[in-house]
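Understanding the architecture of this molecule
Each chain is listed here by its residues.
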Amino acid sequence: MFFKKLNIGSIIWINYIAVSSFAVYLIHNDLSIKPLYCAACDYIEAHYTPSFPYALLFMVGVFIVSVMADKVRLFIYKHTLLKLLK
């Protein structure tokens, strides 16, 4: 009920990131990336005593890199493929 009544309007930076959220999900669940991601999390847990801040920093970093990679993909699609199709 709380979220139904919540009116945040249209926030530009949230919309900018939200466009790439599905791509971040797909990158995280890719069979070639997931073992590397899990190995990095295991390494952080084994080598850092308070592992939570480092794991959180790693996950935020992966999210940012994934969003940036998707933004590059969208830029290439918009400026090359769409122009070729017109």
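Higher on the page you've got the structure.
Here the structure is a predicted model, which is why all the values come from computation and not from measurement.

**Here's the deal with the side chain of Asp70**
By the element assignment, Asp70 lies in helix α5 (residues 51-85). A distance of 2.8 Å separates polar atoms of two side chains, one belonging to Asp70 and the other to Arg73. With residues near it in sequence (within four places) discarded, Asp70 still touches Val19, Ser20 and Ala23.

**So, the pattern of salt bridges**
Evaluated as defined, the whole model comprises one salt bridge. Here Arg73 and Asp70 are joined by a salt bridge, their closest N and O atoms 2.8 Å apart. Residue Arg73 and its partner Asp70 are located together in helix α5, separated by three residues, close to a single helical turn.

**Looking at the packing of aromatic side chains**
Considering all chains together, one arrives at three aromatic pairs under this definition. When the centroid spacing of 4.4 Å and the interplanar angle of 25 degrees are considered together, the rings of Tyr48 and Tyr54 count as stacked. For Tyr48, a relative accessible area of 34% gives the class partly exposed. The ring of Tyr16 carries Lys71 above its face, with NZ or CZ at 3.9 Å from the centroid.

What counts and how
- Residues numbered from 1 in each chain as written.
- Predicted model: local features only at pLDDT ≥ 70, side-chain atom pairs only at ≥ 80, totals over all residues.
- Heavy atoms only, no water.
- Helix = DSSP H or I, 4+ residues; strand = E, 2+ residues; numbered from the N terminus.
- Polar contact = N/O pair within 3.5 Å; in protein donor to acceptor, adjacent residues only side chain to side chain.
- Contact = heavy atoms within 4.5 Å.
- Salt bridge = Lys/Arg side-chain N within 4 Å of Asp/Glu carboxyl O.
- Phe/Tyr/Trp six-rings, centres within 6.5 Å; stacked < 30°, edge-to-face > 60°.
- Buried < 20%, exposed > 50% of the residue type's maximum accessible area, 1.4 Å probe, protein only.
- Lys NZ or Arg CZ within 6 Å of the ring centre and 35° of its normal.

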